[in-house]
Amino acid sequence: MTDSSLLHAAAPIDRFRALVMADPALQQRLSMIVDQGVFVEALLSAAADAGIAMTADEANAGLTPDPLGIWRFSGAPVTSRTAPDGDWLPVAIVPSSGELAVDWAHFSGLPLVDSFFEDSLRRARHRPLNRLLRPRTPLSTLLNSVGENPPVPAGFVFHQSRCGSTLVSQMAAADARNVVVSEAVPIDTIVQLATVRTDLPIDERLRLVRAVVGALGRDRMGGAGHYIVKLDSWHTLALPLFRQAFPETPWIFLYRDPVEILVSHARMAGAQTVFGAMSFDPYGIDESMAMPPDHYAARALGRTAEAVIEHLGLGGGMLVNYSELPEAMETRILPHFGMAPDEEALAALATASGRNAKAPNERFVHDSGDKQQEAKDGLRAIAALYMDEPYRHLEGLRRAGAK
């Protein structure tokens, strides 16, 4: 049976999916419809125009909700050997039929303005088009999805965790011309792969890092601004990888008083400070399983800072203490990234600096005093044991103007 006859024999909804994937203009029209009833009407009309007979029940059945992205764990086979372009962004890298594959979502009209990439993805997943279409392509296609000149970030934001990195990324995103990607899971997956799979040639690992970072940085809004990538806290251990992949891209490292970081994690632990939460232990901590959770968290956070000290000599870096925010965004960080915002962008920056990055309806206020007051003696002792020495080292380097 030929491909055309196979397609004709497929269910009407599957034939329509194939039609939409082959028609970027139709994708664009359908992507802007958020109401399912209106979407189904448009779907049925487009299907009829293409000679595909379908009922409303069949159409609705093809729009399965998946707000948490559970489908990525289904092990479903790839749907195409070609990566989609335009407004499609990679949203997950998953095992599929014995190979690694990339899941994509359509982000037309959706700027990445949320505190985290996952929040923007959650909004995208609610759109009927992304419930209708779930393209999955081999990981190898990612290398071809960004062309010969993939977007190169103007700056990377490394951080020790709970140190104002979200405020920095939100201030950068306040200028609608910029593309700001904050802790995107596909980048983390590729960095884990590049860290663990040392059997892969370094050139191949670097190409994968460049490809996923480039694909996420597509200028979909036509703003021609700058591209900023905020990374996960443990990615400081992969600083050499990022410097090799993007040797011209400057970076910053945000850190703060260790006691204040530990208070934040005592309130709500971050996954990267919980032993076993990641698929591997990137910190190389001896006797990890035997360590009490609070000791492991402090040791992991300390190792995050130690990695920066070890790799600062690779160049391109700048140290920023949380206490310098938000003023340092305009006076130090943006100039370091080669960004010179105009008056409109500065006004947006000032507005964003007054908002709590993780609770936009609340004002941003320094909470160092509250956290210092909340800290118990036991927590202070743990901070002193694992985190104080790298903190003092970083402070000495920052005050000396080290880069």
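Structure: see above.
These remarks concern the structure in this document.

Criteria and thresholds
Residues numbered from 1 in each chain as written. Predicted model: local features only at pLDDT ≥ 70, side-chain atom pairs only at ≥ 80, totals over all residues. Heavy atoms only, no water. 1 Å grid on protein atoms, 1.4 Å probe; cavity = no way out; pocket = protein on both sides within 12 Å on 5 of 7 lines; lining within 4 Å. Points joined across faces, edges and corners; volume = space filled by probe spheres on them. Helix = DSSP H or I, 4+ residues; strand = E, 2+ residues; numbered from the N terminus. Buried < 20%, exposed > 50% of the residue type's maximum accessible area, 1.4 Å probe, protein only. Arc of directions from axis to C-beta. Phe/Tyr/Trp six-rings, centres within 6.5 Å; stacked < 30°, edge-to-face > 60°. Lys NZ or Arg CZ within 6 Å of the ring centre and 35° of its normal. Pairing = 2+ DSSP bridges. Expected span 1.5 Å × (residues − 1). Nonpolar A, V, L, I, M, F, W, Y, C, P; charged D, E, K, R; others polar.

### Notes on empty space enclosed by the protein
On inspection of all chains with the given rule, the structure shows two cavities of 30 Å³ or more. As a volume, the largest cavity reaches approximately 170 Å³. Mapped by element, the contributors of at least two residues to the lining of the largest cavity are β1 (88–96), β2 (99–106) and α7 (128–132). Tallying contributions element by element places β2 first for the lining of the largest cavity, with three residues.

### Things to note about helix α15 (residues 327–336)
By the burial criterion, the buried members of α15 are Ala 328, Met 329, Ile 333, Leu 334 and His 336. For α15, the arc enclosing every buried residue in end-on projection is 145 degrees, short of the 170-degree limit, so these residues lie on one face. Facing away from the buried side of α15, by more than 90 degrees, are the exposed residues Glu 327 and Thr 331.

### Points about the packing of aromatic side chains
Applying the stated rule across the entire model yields eleven aromatic pairs. Aromatic side chains Trp 234 and Phe 280 sit 5.6 Å apart centroid to centroid with 80 degrees between the ring planes, which places their arrangement in the edge-to-face category. Of the two residues, Trp 234 sits in the loop between β6 (227–230) and α12 (239–245) while Phe 280 sits in the loop between α13 (258–267) and α14 (293–311), which places them 46 residues apart along the sequence. Note on Trp 234: relative accessible area 1%, which makes it buried. In textbook terms, an aromatic cluster arises when at least three aromatic residues are bridged by ring pairs, as seen for Phe 156, Phe 158, Phe 242, Phe 246 and Trp 251. Sitting over the face of the ring of Tyr 322, Arg 256 holds its NZ or CZ atom 3.7 Å from the ring centroid.

### Here we look at the pairing of β2
Burial analysis of β2 places six of its eight residues in the buried class, which makes it a mostly covered element. Pairing between β1 and β2: eight bridges, direction antiparallel. Following the sheet pairing, Trp 88 is matched in β2 by His 106. The hairpin formed by β1 and β2 contains two residues between the paired strands, and Ser 97 there has a positive phi angle of roughly 50 degrees. Bridge count for β2 against strand β3 (residues 136–138) is three bridges, and the pairing is antiparallel. Across the sheet, Ala 101 pairs through a bridge with Pro 138, a residue of β3.

### What to know about helix α10 (residues 185–196)
Compared with an ideal rise of 1.5 Å per residue, which puts twelve residues at 16 Å, α10 spans 16 Å between its outermost C-alpha atoms and is within 8% of the ideal. All of the buried residues along α10 are Pro 186, Ile 187, Asp 188, Ile 190, Val 191, Gln 192, Leu 193 and Ala 194.

### Points about the layout of surface pockets
By volume, the second largest pocket amounts to about 620 Å³. If you trace the second largest pocket, you find 29 residues lining it, with Arg 17, Met 21, Thr 79, Leu 133 and Pro 135 closest to the centre. Elements that contribute at least two residues to the lining of the second largest pocket include exactly α2 (12–21), α3 (24–31) and α7. Here the lining of the second largest pocket gets five residues from one element, more than from any other, and that element is α2. Partitioning the lining of the second largest pocket into residue classes produces 14 nonpolar, eight polar and seven charged.

### Considerations on unusual backbone geometry
The omega torsion of the bond from Leu 325 to Pro 326 falls at 0 degrees, within 30 degrees of zero and hence cis. Relative to the helices and strands, Pro 326 is located in the loop between β8 (317–321) and α15. Of note in the backbone geometry, Arg 162 takes a positive phi value of approximately 60 degrees without being a glycine. Along the polypeptide, Arg 162 turns up in the loop between β4 (155–159) and α9 (165–173). Backbone geometry at Glu 183 places phi at a positive 55 degrees, although glycine is not the residue there. If you trace the backbone, Glu 183 turns up in the loop between β5 (179–182) and α10.

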